[in-house]
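Topology and contacts: notes
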Amino acid sequence: MATTQRINLWSSPRNISTALMYSLAYHPDIRVVDEPLYAHYLIHQRTEAKHPGKEEILASQPNDGTEVVRSMLTADFEKPIVIFKQMTHHLIELDRAFIGEMHNVLLIRNPRAILASFSKVVDEVTAEDIGLPQQYELFQSLRASGRGVAVLDARKLLEDPRGVLSRLCANLGIQFNESMLSWPAGARVEDGVWAKYWYANVHKSTGFQPFVPKEYSLTPALETIARSCEPLYQEMLAQAF
């Protein structure tokens with residue numbers, strides 16, 4: 001079997017997870033898989049958020065999360081390392097034992113930024129829709145298990161892509177490669193069918209875009225969510241590269 005290292009990249013939506021996925025895909029030893037549990041999540045979703053392209057997504061992937069997890073753990077992905085780009089809110093109605101059998105990375109972002117972006121595509125947003133409480137729960141459980149977890153912050157990654165990626169690679173025992181810092185514009189074959197709804201900006205990019213500070217104006221409901229998530233984000237941020 002060619003694949004010897006399996007890694008979950010747990011992100012919130014409207015982060016720079018797709019750009020990071022593209023970056024990792026250009027490492028010669030890495031294969032990436034885009035949100036393998038999305039269809040499973042849509043079958044078991046507990047919130048009212050309407051996801052664009054739902055029927056198309058359900059038709060494009062196995063809907064049984066247990067089947068997906070089995071493939072993640074056993075399939076040969078034809079490269080030594082496979083990285084699964086995951087959304088933390090997709091982690092529902094599943095036996096979580098598989099998490100302990102893999103390396104895990106958390107990609108975090110300021111909740112105000114997430115909410116400002118996510119609410120442009122999805123209505124009736126809750127904290128659970130952006131996955132930040134679930135991400136914090138995963139952060140706590142991984143630390144308590146003694147396995148540890150690598151934490152990346154979107155802002156820090158944009159401010160210093162080479163430095164943050166080098167530290168991530170060192171943490172995972174992977175050789176950093178300069179090819180990870182840029183990619184050609186356009187879609188990738190690994191993109192899920194949902195790319196047309198979510199990936200327009202990253203398809204225009206050829207690398208990580210410089211961080212630009214922004215002020216976000218949120219509705220009162222979104223502001224309440226942001227304030228509830230802020231302490232969770234700050235605790236994880238303290239551990240970020």
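Look up a bit, the structure's there.
Residues numbered from 1 in each chain as written. Predicted model: local features only at pLDDT ≥ 70, side-chain atom pairs only at ≥ 80, totals over all residues. Heavy atoms only, no water.

1. Concerning the overall build of the protein
Assigned secondary structure in the protein consists of 11 helices and five strands. By the compact-globule yardstick of 18 Å for 241 residues, the protein fits well, its C-alpha radius of gyration being 17 Å. Once the C-alpha set of the protein is aligned to its principal axes, its extents read approximately 50 × 40 × 40 Å. Here the protein holds 241 residues, and 55% of them are scored as buried. Within the protein, residue pairs in contact and separated by at least 24 positions form 81% of the contacts whose partners lie at least 6 positions apart. Approximately 11,000 Å² of the protein is accessible, and the part contributed by carbon and sulfur atoms is 50%. Where the 24 positive side-chain charges of the protein centre and where its 28 negative ones centre are 5 Å apart. (Helix = DSSP H or I, 4+ residues; strand = E, 2+ residues; numbered from the N terminus. Rg over C-alpha atoms; globule rule 2.2 N^0.38 Å. Buried < 20%, exposed > 50% of the residue type's maximum accessible area, 1.4 Å probe, protein only. Contact = heavy atoms within 4.5 Å. Areas by Shrake-Rupley, 256 points an atom, 1.4 Å probe, with all protein chains shown as cover. Lys, Arg positive; Asp, Glu negative; His and termini not counted. Charge placed at Lys NZ, Arg CZ, Asp CG, Glu CD.)

2. Section: the pattern of salt bridges
Taken as a whole and assessed by the stated rule, the structure comprises 11 salt bridges. Salt-bridge contacts for Glu93 lead to Arg46; the nearest nitrogen and oxygen are separated by 3.0 Å. Taken together, the residues Glu93 in the loop between strand S3 (81–87) and strand S4 (103–108) and Arg46 in the loop between helix H2 (38–44) and helix H3 (54–60) connect sequence positions 47 residues apart. Judged by relative accessible area, Arg46 falls into the exposed class, the value being 58%. Of the charged contacts, one joins Glu223 and Arg227 as a salt bridge, the two residues approaching to 3.5 Å between their closest N and O atoms. (Salt bridge = Lys/Arg side-chain N within 4 Å of Asp/Glu carboxyl O.)

3. Remarks on the sheet that holds S4
Strand order across the open sheet formed by five strands is S2-S3-S1-S4-S5, with parallel pairing between neighbours. Only two strands of the sheet have a single partner each, and these edge strands are strand S2 (30–34) and strand S5 (150–153). This sheet shows a mean twist of 20° between the axes of neighbouring strands, independent of strand direction. As paired strands, strand S1 (residues 5–11) and S3 are joined by seven bridges and run parallel to one another. Counterpart to Ile7 in the pairing with S3 is Ile83. (Pairing = 2+ DSSP bridges. Axes fitted to C-alpha atoms, helices over the stretch in contact; angles between N-to-C directions.)

4. What to know about unusual backbone geometry
The backbone phi angle of Glu78 is positive, close to 70°, even though this residue is not glycine. In this fold, Glu78 is placed in the loop between helix H4 (65–74) and S3. For Glu78, a relative accessible area of 62% puts it in the exposed group. One non-glycine residue, Glu124, lies in positive phi territory at about 55°.

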